[in-house]
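Residue-level structural notes
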Amino acid sequence: MRIPASSCLCPVLLCLCFIQRCCGSSHHLPVKVASKNQTKLANGETEVHHRPKRGWIWNQFFVLEEHMGPKAQYVGKLHSNSDKGDGSVRYILSGEGAGTIFLIDEVTGDIVATKSLDRERKTHYVLHAQALDRNTEEALEPMSEFIIKVQDINDNAPKFPDGPFVATVPEMSEVGTSVLQVTATDADDPTYGNSARIVYSILQGQPYFSVDPKTGIIRTALSDMDREAREHYTVVIQAKDMAGQVGGLSGSTTINITLTDVNDNPPKFPQKNYQLYVPESAKVGKPVGKIKANDEDLGVNADIKYSIINSEGANMFTISTDRDTREGIISLKKPLNYERKKTYTLHIEGTNTHVDPRFSYIGSFKDSASLKITVGDVDEAPVFSMEYYILDVYENSPGGTEVGAVTARDPDSRNSPVRYFLDSKEEAAQYFRIDENSGVIRTTQPLDREETPLHNITVMASEVDNPTLVSHIPVTIQVLDMNDNPPEVAAEGEVIVCESTRPGQVIQTVTAVDKDDFANGQRFFFAVPEQQPPNPNFTLTDNQDSTASIIARRRRFNHLTQELYELPIVVRDGGEPSLSGTSTLTLRVCPCQRHGRLRLCQGEAFLSSAGLSTGALIAILLCIVILLAIVVLFITLRRSKKEPLIISEEDIRENVVTYDDEGGGEEDTEAFDIIALRNPAAAEELKFRRDIRPEARQQCAPPRCHRSPSVDLDEVDVHDFIKQRLVEADLDTSVPPYDSLQTYAYEGQGSPTGSISPLGSPGTQSEQDYNYLDDWGPEFQKLAELYAEAGSEVST
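Residues numbered from 1 in each chain as written. Predicted model: local features only at pLDDT ≥ 70, side-chain atom pairs only at ≥ 80, totals over all residues. Heavy atoms only, no water.

1. Focus on the overall build of the chain
We count it as follows: Under the scheme used here, helices are H or I runs from DSSP no shorter than 4 residues and strands are E runs no shorter than 2 residues, and both carry numbers assigned from the N terminus. Residue exposure (1.4 Å probe, protein chains only): buried if accessible area is under 20% of the type maximum, exposed if over 50%, otherwise partly exposed. Should any heavy atoms of two residues lie within 4.5 Å, those residues are counted as being in contact.
Assigned secondary structure in the chain consists of eight helices and 42 strands. Within the chain, the fraction of its 796 residues that count as buried is 36%. A sequence separation of at least 24 residues applies to 68% of the contacts in the chain between residues at least 6 apart.

2. Things to note about the state of the cysteines
Put simply, the rule is: In this description, a disulfide is simply a cysteine sulfur pair whose atoms lie within 2.5 Å.
Counted under the stated rule, the structure contains one disulfide. Between C498 and C592 runs a disulfide, and the two sulfur atoms are separated by 1.7 Å. Looking down the S-S bond of the C498 and C592 bridge, the torsion is -100 degrees, so its handedness is left-handed. Of this pair, C498 sits in strand β34 (residues 495–498) while C592 sits in strand β41 (residues 592–595); the two residues are 94 residues apart in sequence, bridging distant segments of the chain. Given the relative accessible area of 22%, C592 is considered partly exposed.

3. Comments concerning the packing of aromatic side chains
Aromatic ring pairs are described here by two measures, namely the spacing of the ring centres and the angle between the planes. Put simply, the test is: Aromatic pairs are defined between Phe, Tyr and Trp rings, using the six-membered ring for Trp, whenever the two ring centres lie within 6.5 Å; interplanar angles under 30 degrees are classed as stacked, those over 60 as edge-to-face, and all others as tilted. Only Lys NZ and Arg CZ are tested; either one counts as a charge over a ring when it is within 6 Å of the ring centre and within 35 degrees of the ring normal.
One pass over the full model with this rule turns up eleven aromatic pairs. Consider the rings of F160 and Y200, whose centres lie 6.3 Å apart with planes at 50 degrees: the pair is tilted. Taken together, the residues span a long stretch of sequence, with F160 in the loop between β9 (144–151) and β10 (165–170) and Y200 in strand β12 (residues 199–204) at a distance of 40 residues. We note that F160, like Y200, is buried. An aromatic cluster of at least three residues, connected via ring pairs, comprises Y208, F209 and Y233. The aromatic ring of Y344 is capped on one face by K341, whose charged end is 5.2 Å from the ring centroid. Over the aromatic face of Y338 sits the side chain of K342, whose NZ or CZ is 4.7 Å from the ring centroid.

4. Thoughts on the pairing of strand β32 (residues 470–480)
Quick reminder of the rule: When DSSP finds at least two bridges between two strands, those strands are taken to pair.
Here β32 shows a buried face lined by S471, I473, V475, I477 and V479 and an unburied face lined by V470, H472, P474, T476, Q478 and L480. Taken together, the six bridges between strand β25 (residues 389–394) and β32 define a ladder with parallel strand orientation. By the bridge assignment for β32, I390 is matched with T476. In terms of strand pairing, strand β31 (residues 454–463) meets β32 through nine bridges, oriented antiparallel. Of the residues in β32, the one forming a bridge with V459 is I473. Hairpin connection of β31 to β32: six residues between the antiparallel strands.

5. Side note on the pairing of strand β21 (residues 328–332)
A large share of β21 lies buried, amounting to five of its five residues. Bridge count between strand β18 (residues 287–291) and β21: four bridges; the pairing is antiparallel. Pairing of I291 across the sheet is with G328, part of β21. What sits between strand β20 (residues 317–321) and β21 in their antiparallel hairpin is a turn of six residues, with R326 showing a positive phi close to 55 degrees.

6. Some words on the nonpolar core
Nonpolar side chains tend toward joint burial in soluble globular proteins. Which entries qualify depends on this criterion: By nonpolar core we mean a set of buried residues, namely Ala, Val, Leu, Ile, Met, Phe, Trp, Tyr and Cys, connected to one another through side-chain atoms within 4.5 Å.
Membership of the largest hydrophobic core comes to 24 residues, with the highest contact counts inside it found for F317, I330, L346 and I348. Considering every element that reaches this core, the biggest residue donor is strand β23 (residues 366–376), with four residues. Discounting chain neighbours no more than four positions away, the residues touching I348 are F269, I291, Y306, S307, I308, I319, I330, D367, S368, A369 and L371.

7. Quick word on the environment of E576
Of note, E576 is situated in the loop between β39 (564–573) and β40 (580–590). The sequence separation of E576 and D484 amounts to 92 residues, and the corresponding C-alpha distance is 9.5 Å.

8. Considering the sheet that holds β21
Hydrogen bonding along the main chain pairs the strands of a sheet, whether they run parallel or antiparallel. Convention followed: Note on geometry: axes are C-alpha line fits, over the in-contact stretch for helices, and angles between N-to-C directions span 0 to 180 degrees.
With antiparallel pairing, three strands are arranged side by side in an open sheet as β18-β21-β20. Because the sheet does not close on itself, it has two edges, and the strands there are β18 and β20. Taken over all neighbouring pairs, the strand axes of this sheet differ in orientation by 25 degrees on average, direction set aside.

9. Quick word on the sheet that holds strand β11 (residues 178–181)
Taken in spatial order, the three strands make up an open sheet running β11-β14-β13, and their pairing is antiparallel. What marks the edges here is a single partner per strand, and that holds for β11 and β13 (209–211). Neighbouring strand axes in the sheet, compared pairwise and without regard to direction, differ in orientation by 25 degrees on average. As defined by bridge partners, β13 adjoins strand β14 (residues 217–220) across three bridges and the pair is classed as antiparallel. Pairing of S210 across the sheet is with R219, part of β14.

10. Section: the pattern of salt bridges
The condition that has to hold: Any carboxyl oxygen of Asp or Glu within 4 Å of a side-chain nitrogen of Lys or Arg constitutes a salt bridge here.
Under the definition given, this model contains 16 salt bridges. Between R227 and E228 there is a salt bridge, and its shortest N-O distance comes to 2.8 Å. When the shortest N-O distance is used, the salt bridge between D303 and R326 registers 3.3 Å. Of this pair, D303 sits in the loop between β18 and β19 (304–308) while R326 sits in the loop between β20 and β21; the two residues are 23 residues apart in sequence, bridging distant segments of the chain.

11. Topic: the environment of L560
With respect to the secondary-structure elements, L560 resides in the loop between β38 (547–552) and β39. Given the relative accessible area of 71%, L560 is considered exposed. In the structure, L560 is positioned 30 residues away from C590 in sequence and 8.7 Å away in space, judged by C-alpha atoms.

12. Overview of helix α7 (residues 718–731)
What counts is decided by this rule: Expected helix span is taken as 1.5 Å per residue step, with the number of steps being one fewer than the number of residues. Directions are taken from the helix axis to each C-beta atom, and the arc is the one they span.
In this model, α7 (14 residues) spans 20 Å end to end at C-alpha, consistent with the 20 Å of a helix rising 1.5 Å per residue. Of the positions making up α7, those classed as buried are V718, F721, R725, E728 and A729. Angular distribution of buried residues about the axis of α7 spans 100 degrees; they occupy a single face of the element. More than 90 degrees from the buried face of α7, the exposed residues found are H719, D730 and L731.

13. So, the confidence of the model for the chain
As a reminder of what qualifies: Per residue, pLDDT captures the predictor's confidence, and it can take any value from 0 to 100.
Across the chain, pLDDT averages 77, with 73% of residues at or above 70. Low confidence marks residues 647–654, where pLDDT is under 50. Its contacts with residues over four positions away, or in another chain, come to five contacts. When the criterion is pLDDT under 50, residues 682–713 qualifies, and its contacts beyond four places in sequence or with other chains add up to 47 contacts.

Written out as structure tokens, the structure reads:
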């Protein structure tokens, strides 16, 4: 195949193209390839055995994209060296687009493109060529692969895939400050020509901004751009291919640029002088007015701190900043009084809290203004002369005694008269009354300091002209003490006198108590009553320190002879007037046991060491008595209740009948024969022990033993018989206290059936009829069935 030498661009055939050019070949390069029919000799020559097949070399073809001509676009020509031009060679094309996009002339090998191609959709096509003998359809050349590349043209304009854009830049930025970089893309081939070589330019936004033509970086082009003057800018950037030459395609995008705020504006008060009216009744700590300085900045750059810079205003008012509104909130620091001061002047200063040092050349970022506050006159409630009152009155003073007075006045300039009254809701108000004009407080009844030493009342005052305005004041009235309570001996129980006490020995030191306060009760004097004869056993000595000592006058005492003694003592206080009282002490004689300095009775020593009082001892003894009573009652009940005797499993006696349960019903296979209970002879006599066989008992053979004709077996009720046996068992004192066990080891005499015990019984079975057991009730139903089964076995 012949192909143009200038089209040797495929990397695979680069070596072949290089050989072609070095040999100085012509426009076409036929190449012979040795086939399998050739043999290479030692001298380098080739011996041909058969007709050799001629080969071809393929390369790239190019087709221009977007071809819009009336005829098909010529692509290239395929030609085999085997083709003699007589039409005996047929060319076949296969692969991508073969037969649809690309057609080949079977005779000439010319390839044409029938459709317009788009390089941006597909850059190349891979096809296969084959040369066949038209007559034999044999392959004259091996099937070869070649490529058809679509050659680019400038048919795509640059685009900004991420646009439009939003950007910010601080106001007052320097010239050349970078704002944003934009990048456009071009779908054309960047390796071929200038179709994808883009240049940026600014269409809108000058003279404020500029763009770098190569990088697309947008920068500020004007200094001192003020956000307060203009905040938003719209910039249009164009991207043009073909390096910006005429005929190139272009695209554009929009960038919305916003200037961000910096603190380049100080706060400003709209005016320099303000006025504010505040009534004198305004509450302390509550806002009374507002003031605001304007700042054209935003956010933290507009934060303002307000302050009162003169002492006159700072002493009476405070100012704070509202974070939301940035207003200065003026609050009252102390109460206002129209009658004292009617006007105040405040010098208020507003300062930015965040200052940018770059703009210090502008000046100080603060401003000041004056605020004149006029105090308004308000009708106020009366004002008491003191914040609280403490008054005194002696106890036992008669009703109507003056305690003290309170005073209040109208703070307003007209000075209206004031009326006083008490708060009737308080309990203490019943003991006092107040003069409504003068404010004098008096008692309504005598007071007792020992009962209530302090009385708290509330006095209220109101203007006569305006009774709705009321003031309150607390008043504490102290009840002063009078010596009106006689002293008493402070007795702490009985006084113990040891039997071994010697004459002149101090038995105990006594003190006194007085309900009056310390001023009247700090000194006490002790003595025995003068009208009584001298006490031969004890004497009293005043120690001159508000105590007295009881001293024994005899050698020994005996509690068996006399255990208790009484000693009257007269106690006198040092009040004015002096009061006295008589107390009688009880002295108890007992043998003593010493514990250090304490003397205790021997009977109480154990209790005292254990820390138990008399009441506790009584409670413990009472509990012990109750427990003993419960134990005795339990033992008594147990003795009155007879438990069944324990019968050994090896006991050979089989006629023991127990009555401690109702039986097992039809499943009970351990029932005993109770025929012995129906023995009339045994029911006639009282036996103390029936668990032992009697030694003297008349023996008789069954034919000789007969029942008494006066007692019939059917006439005896088993229930009554058992009750009789229970009574006998309860009255028998020779057996253990069991209440439900009665044994019948011996059947007795006169049994019509004889003994049913297997001991000593003959080998023959009895033929006794036990049908009468059916008449005894359901309790003996199981027994009747057992004997009926036994009878049937014997008959069988």
